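Fold and contact review
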Amino acid sequence: MKGIRPFFKDERVRIALGLFIIGFGLLLLVALISYFFTWEADQSMVENAGTFGIDTHVQNWAGKIGAKLAHVFMNKWVGISSLVFPFLFILFGIRLMGVHIQRLGRTTLYCVTGALLVSVTLGYLSGSHPEYLGSGPGGQHGYFISRWLNTLLGLPGTGILLLVLDLTFLFFTIPTTFHLFKKKVVEEIKARTNKEKGEGTIRETAVPAESDLPGEKSVKPREDIGYEIEGNSVNLLLETTKNKDDIEIEETTPEEELIPEGSFEQEEEMMPENQGKNGFDEDNEFPEGFQNLPPYDPRADLSSYKFPTLSLLDEHKSENSEVSNEELIRNKDKIVETLGNYKIPIDKIKATIGPTITLYEIVPAAGVRISRIKNLEDDIALSLSALGIRIIAPIPGRGTIGIEVPNQKPEIVSMKSILASKKFQESTYDLPIALGKTISNETFILDLAKMPHLLVAGATGQGKSVGLNAIITSLVYKKHPAELKFVLVDPKKVELTPYVKTERHYLAKMEGSEEAIITDTQKVINTLQSLTKEMEKRYDLLKKAHVRNIKEYN
């Protein structure tokens, strides 16, 4: 085996083997085409054992081997649908030579499945007494399978079953057939039904995929501390030597946000009485043929596309990343002690634990000036031995003063947990991007469509590349390739390399360009000029349609 593998890794061997397979595919194609004209003359010869004798002659254009191959494929196997096999052999040979034309696995599955279905359908249509092409146009496979189905379901039942199977196969292999069937049959039935009932058009609702995520984690109270459970929060009662009154610390534990099962109902948008569904006054005249067009569906051109699954992402759970009881108590005591040294009494303190920072909210006693606490930022940081803290005085909408203290063991926030959150899955933003989690462990999402001129800047190691990857990943997981295209410029030549694999779906490039990701700064100018022309062209379309953005135009 060690000697065989290097032999097949040789490019010369692969190209030679690919040429051989392509030649065999072409020979098989000639033999199958010749079978339509010479099968009767060669029938008796190929069924005898002496076909390859010197004195025997066949009429098939590909000789005795072609006659035998055509007899096996056309007569013994699947009949006329055998014509797909030369195509597969040629495709295998081309792929072996290193040329990628079609997805080999999916194409093979479609061709073999289609050959079997066509064989049975032709066997059913040719009847029980085939008089053409030996065993019939469907071959012996289609002939015998159709006869067995006829005895099982009867002629009408077999015809209905084959019709359903053939239509289903066309829906998945040729998307245009599905949309044509839906438009001509399904929507016509809906229209007639709604007209009889006197109702309007029913809008279809989107059904999200079921989640395979684990259930919600139950809140585990800390040991050796008095506690009260309220929903998903734990109120910890801690004593302090500075104040006689108990000071309450509340820990907000992170929740596993789930993708809910079921469907989300989409409400019909309310339109003024004098406006139609397209947003124009009904009194305005539409061009002929445009009155009853359904809403534009950009995903129809690539309906077979499947979004990436969350299983492709890693969990990145950190061990022992939780804030310990000792850390909470120590930080609380240090904050109370430092404020007490400056004679600043407080009534209450509460801790909200985040993935990387813990927020201590304090309620100062009556008469304490906020500026006094704000000026103690450096003193509190020194007492906590922290790299740096931030004082929010006051926290908007809460009436408290916040002190953000970095955790000793920060938790890694995984992209999987953010994209799997209910907030991201149910987001209705045009271009949603998930950037992380807030101090209260809530997923932080923004709409990129509302900030088209976004600049990401910062020093080395501050997370610029991580932020860009989060933006691109969020959009890929949420938007269809027909709705989104990237123009990526990578002067460093290594930052955006992983996205080369998305070239066929998400990357846009200029005609004649070899690389989908631009690394040559000289080519950036031409690309930006091309984008500017495309933008101006789209603005002209928006102007003609009397709308302001792409969403209204569609």
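This one's a predicted model, so the numbers in the text were calculated from it and none came from an experiment.

Rules used throughout
- All residue numbers refer to position in the chain's written sequence, counted from 1.
- Only residues with pLDDT of at least 70 are given local features in this predicted model, and only at 80 or more are side-chain atom pairs given and counted; all residues enter the totals for whole chains, interfaces and linings.
- Hydrogens and water are ignored here; the side-chain numbers use all heavy atoms of the structure.
- The numbering of helices and of strands both runs from the N terminus, where a helix is a DSSP run of H or I of at least 4 residues and a strand a run of E of at least 2.
- Note on contacts: a residue pair qualifies if any of its non-hydrogen atoms lie within 4.5 Å across the two residues.
- One bridge is not enough; two strands pair if DSSP finds at least two bridges between them.
- Residue types Ala, Val, Leu, Ile, Met, Phe, Trp, Tyr and Cys, when buried and joined through side-chain atoms within 4.5 Å, form a set referred to as a nonpolar core.
- For the exposure calls, accessible area comes from a 1.4 Å probe over protein chains only, and a residue counts as buried if that area is under 20% of its type's maximum, exposed if over 50%, partly exposed in between.
- What qualifies as a polar contact is a pair of N or O atoms within 3.5 Å, subject to a donor-acceptor requirement within protein and to the restriction that residues adjacent in sequence count only when both atoms come from side chains.
- Working note: the arc is built from the helix axis to C-beta atom directions.

**A look at the side chain of threonine 338**
Tracing the backbone through its elements, the reader meets threonine 338 in helix α8 (residues 325–341). Other than its neighbours up to four places away in sequence, threonine 338 contacts Asp379, Ile380 and Ser383.

**Considering the pairing of strand β4 (residues 346–353)**
Note: β4 against strand β5 (residues 357–364), seven bridges, orientation antiparallel. Note on β5: the bridge partner recorded for alanine 351 is tyrosine 360.

**Here's the deal with the nonpolar core**
If you look at soluble globular proteins, the nonpolar side chains tend to sit buried side by side. Core analysis: the biggest nonpolar cluster contains 24 residues, and Leu339, Tyr360, Ile362, Ile380, Ile389 and Ile403 have the highest contact counts within it. Sorting the residues of this core by element identifies α8, β4, β5, α10 (377–384) and β7 (400–406) as the ones contributing at least two each. Residue contacts for isoleucine 403: discarding those within four places in its chain leaves Ile335, Thr358, Leu359, Tyr360, Ile362, Ile380, Ile389, Arg390 and Ile391. One finds Tyr305, Leu475, Leu488 and Ala516 within the second-largest nonpolar core, a separate group that totals 16 residues.

**With respect to the environment of glutamate 495**
Residue placement: glutamate 495 occurs in the loop between α13 (464–478) and α14 (521–545). A C-alpha to C-alpha distance of 7.4 Å links glutamate 495 and serine 465, two positions 30 residues apart in sequence. Discounting chain neighbours no more than four positions away, the residues touching glutamate 495 are Ser465 and Asp490. A polar side-chain atom of glutamate 495 sits 3.0 Å from a polar atom in the side chain of serine 465.

**Notes on the environment of arginine 14**
Looking at the secondary structure, you find arginine 14 in helix α2 (residues 11–47). Separated by 83 residues in sequence, arginine 14 and methionine 97 have C-alpha atoms that sit 5.9 Å apart.

**Digging into α10**
Inspection of α10 places Ile380, Ala381 and Leu384 among the buried residues, and these make up the whole buried set. One side of α10 holds all its buried residues, which, seen down the axis, span an arc of 100 degrees. The exposed residues of α10 that point more than 90 degrees off its buried face are Asp378 and Leu382.

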